[in-house]
Each structure stands twice: as C-alpha cells, then as structure tokens.
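Residue-level structure breakdown
Chain by chain, the residues run as shown.
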Amino acid sequence: MNNFIKEYDLRKDIVNKGLEKVFTDKNILEDGSFYALMNNGKRFRPILFIEFYSLFKEVDEACMDFAYAIELIHNYSLVHDDLPCMDDDDMRRGKPTVHKKYGEDMGVLIGDGLLNKSMERILLAISNSDNKELFVEASNYLYSQSGYEGMIYGQVIDIQNKLETESDFFDMYDKKTCGLIKAACKCAAITAGATEEEVILSEKFGYNFGLAFQLRDDMLDYEEDLESQKLTFATLIKDKGEMIKLIEDHSKNAMNCLKSLNKNTEFLEDLTNNFINRDI
C-alpha cells in the first residue's frame, strides 16, 4: 500500500467515524439513512473540504460538521438518483440500493431525511464557528451549488434527455458533478478565512478536478455505455484521444490552481492524480 492510500484511508476513517454518530436512533428512517450513508463511499468531498480548510486554518469542530453536511447532501442525491423515476438502479457499490431494500416510498423519505440532516450539521457548524458570517456565506454557496444553480438542475438537464452537443454535456457536468465538488473546496476556503484570490483558486480547482473526474468516469464506462446505447460525452465524441487530452488538460489546470495557492498541497496533488488516473 503506497503512502497516499494510507494517508487517504486515515482521513476517510475519521470522516466515517463522525458520520456514524449522525444517526443514533433505531427507527426505520434512521436505519435506512445509516444504510445509505455507510455504504463504503469514497468520501473525497468531505476530505477535500477538510484539506482545503487546513491550508488556511487549523481544523476544528465547525469544520468537521460542515464536511459531514457535504457528504450528507451527496448521499441524499445518490438515494434519489437511484429511484425508479430517475436512474432506476438496483445496486450501488455491490449492495441493493436504498429503494430496493426499504421500498420506493421510504427511499424518497430517506433521501429527504439526509438532506434535512445536512442542514442540521450546517447549523451546528455555524453555532460552533468563531466567524459565523463566513460560515453563513459558505452555506449559501453550498446550497446554491447543490440545488437550483447546481446539482439538482444538472439532474434536470440529464432527465430531460436533450443532450446533443459537447457544450450540453459540459453544462450538465458543471452543475451535476462539479457543483458539490466546487462547493467543498470554495466553502472551505471561505470558512477558513482565505483571501479572495485563494477562494477563487479553490473554486477553480474544484471545477477542473470535477470535470476531469467525470470525464474519467465516462472513459472507464465507455465500452459498456456504447453497448447499451447510453449517451455520455465519451459515446458522443467517440474519440479516446480527445478524451485523454481533455482529462489531462483539466487535471493540469487543477494542479496549477494548487501550486498558485503557495501552500503545502502535496496531499491534494496526490489525491488529484490518484482519482483522475484511477482504473475503476
């Protein structure tokens, strides 16, 4: 196991232990929420938040609560994406999806519950922060990027099935994939008191990392998607060379943002390389 994986797993364990404490009751709603949340997720969104925060300020309780909120939002979106009215998936990470295990009605409510829990953690973060105004500012950005201006509207674009050009796909990916990743990076910089330039660089990193991450996903699934006639950016352009170049370009842009911060970004650079060049 290389050093990055060890370091990443340590951070992932810390996030998982915090998330495990979010749900303590034993009713069906919290049981289903725990099932959805503790399903071996990558946790790179809360880890990105914590790492960017640590570039500008020592990690504290408010930071961790905000990071947990981001992961709660991500997981609510997965529960709803899997529903029959959306992507209609039966399995996620080798286990039955939430609606297959608990029923479609409970799947809707469990997703709703995860989203509401995220707001509870945000309010805790604001309450525990030593600069509430910065946390409120970051919260507004988080919910815009996970909502109407970002992730939710990205899903609207997807289900309308009107993706015809490269520009259409980039617009959807910016909202559906990059929105929450941009929020993780930018919100961390805002709440940790970074300068305006540092906040801009953090958001720009999130955009380029998110695009490269999504394009790598498309490339990895290309043969399967082509066979099933699923339209993705990769199956639209049918050019592996162009896909590789786009991934490399956005990865390079992300790296340049990190270097421009003039901080110790070694772990974030390793994270970028590992996630964007992954084989699975």
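Our subject is the structure listed above.
Let me sum up the structure you'll find in this document. (Residues numbered from 1 in each chain as written. Predicted model: local features only at pLDDT ≥ 70, side-chain atom pairs only at ≥ 80, totals over all residues. Heavy atoms only, no water.)

Further remarks concern the overall build of the chain. When helices and strands are tallied, the chain shows 15 helices and 2 strands. Its C-alpha atoms give the chain a radius of gyration of 18 Å, within 12% of the compact-globule value 19 Å for 280 residues. Considering only C-alpha atoms, the chain reaches an extent of 50 × 50 × 40 Å along its principal axes. Every one of the 280 residues in the chain was classed for burial, and the buried ones make up 53%. The long-range fraction of contacts in the chain, counting pairs at least 24 apart against all pairs at least 6 apart in sequence, stands at 71%. Surface summary for the chain: the accessible area is close to 13,600 Å², and the carbon and sulfur share equals 48%. Across the chain, the mean location of the 33 positive side-chain charges is 3 Å away from that of the 52 negative side-chain charges. (Helix = DSSP H or I, 4+ residues; strand = E, 2+ residues; numbered from the N terminus. Rg over C-alpha atoms; globule rule 2.2 N^0.38 Å. Buried < 20%, exposed > 50% of the residue type's maximum accessible area, 1.4 Å probe, protein only. Contact = heavy atoms within 4.5 Å. Areas by Shrake-Rupley, 256 points an atom, 1.4 Å probe, with all protein chains shown as cover. Lys, Arg positive; Asp, Glu negative; His and termini not counted. Charge placed at Lys NZ, Arg CZ, Asp CG, Glu CD.)

What follows deals with the side chain of Asn39. In this fold, Asn39 is placed in the loop between α2 (28–37) and α3 (44–56). Under the relative-accessibility criterion, Asn39 is labelled buried at 6%.

Side chains of Ile28, Leu29, Val108 and Leu109 sit close together on the surface and give an oily, nonpolar patch of about 310 Å² of accessible area. Of all the elements in the fold, those that place two or more residues in the nonpolar patch are α2 and α6 (104–128). Structurally, Leu29 is set in helix α2. Classification of Leu29 by relative accessible area gives partly exposed; the value is 35%. (Patch = residues over 30% accessible without salt bridge, like charges linked within 9 Å, V, L, I, M, F, W, Y side chains within 5 Å. Salt bridge = Lys/Arg side-chain N within 4 Å of Asp/Glu carboxyl O.)

Taken as a whole and assessed by the stated rule, the structure comprises 17 salt bridges. Glu30 is the salt-bridge partner of Lys117, the closest N and O atoms lying 4.0 Å from each other. Of the two residues, Lys117 is situated in helix α6 and Glu30 in helix α2; the sequence distance between them amounts to 87 residues. Accessibility assignment for this pair places Lys117 and Glu30 in one class, buried. The partner of Lys186 in a salt bridge is Glu203, with the nearest N and O atoms 3.7 Å apart. Highlighted residues: Lys186 in helix α10 (residues 178–191) and Glu203 in helix α11 (residues 196–220), separated in sequence by 17 residues. Assessed through its relative accessible area of 17%, Lys186 is described here as buried. Through salt bridges that share partners, Glu7, Arg11 and Glu51 make up one connected network.

It is worth spelling out the state of the cysteines at this point. In the structure shown here, the tally under the stated rule is 0 disulfides. No disulfide involves Cys63; its sulfur sits 12 Å from that of Cys187, the nearest cysteine. Residue Cys63 is classed as buried on the basis of its relative accessible area of 0%. Lacking any disulfide linkage, Cys257 is separated from the closest cysteine sulfur, that of Cys185, by 9.7 Å. (Disulfide = S-S within 2.5 Å.)

Our focus in this paragraph is the packing of aromatic side chains. The final tally for this structure, using the stated rule, is 18 aromatic pairs. Centre to centre, the rings of Tyr8 and Phe275 are 5.5 Å apart; their planes meet at 55°, and the pair counts as tilted. Here Phe275 lies in helix α15 (residues 266–276) and Tyr8 lies in helix α1 (residues 3–20), a separation of 267 residues in the sequence. Here the two residues Tyr8 and Phe275 agree in accessibility, since each one is buried. Considering the side-chain rings of Phe44 and Phe275, the 5.1 Å spacing of their centres and the 55° angle between planes classify their relative orientation as tilted. Highlighted residues: Phe44 in helix α3 and Phe275 in helix α15, separated in sequence by 231 residues. (Phe/Tyr/Trp six-rings, centres within 6.5 Å; stacked < 30°, edge-to-face > 60°.)

Tracing the backbone shows Ser144 in helix α7 (residues 132–145). Separated by 36 residues in the primary sequence, Ser144 and Leu180 have C-alpha atoms spaced 9.4 Å apart. When neighbours within four sequence positions are excluded, Ser144 is seen to be in contact with Glu149 and Gly150.

Along α2, the residues that are buried comprise Glu30, Gly32, Ser33, Tyr35, Ala36 and Leu37. On its buried face, α2 is in contact with α1, α4 (61–81), β2 (95–96), α5 (98–102) and α6.

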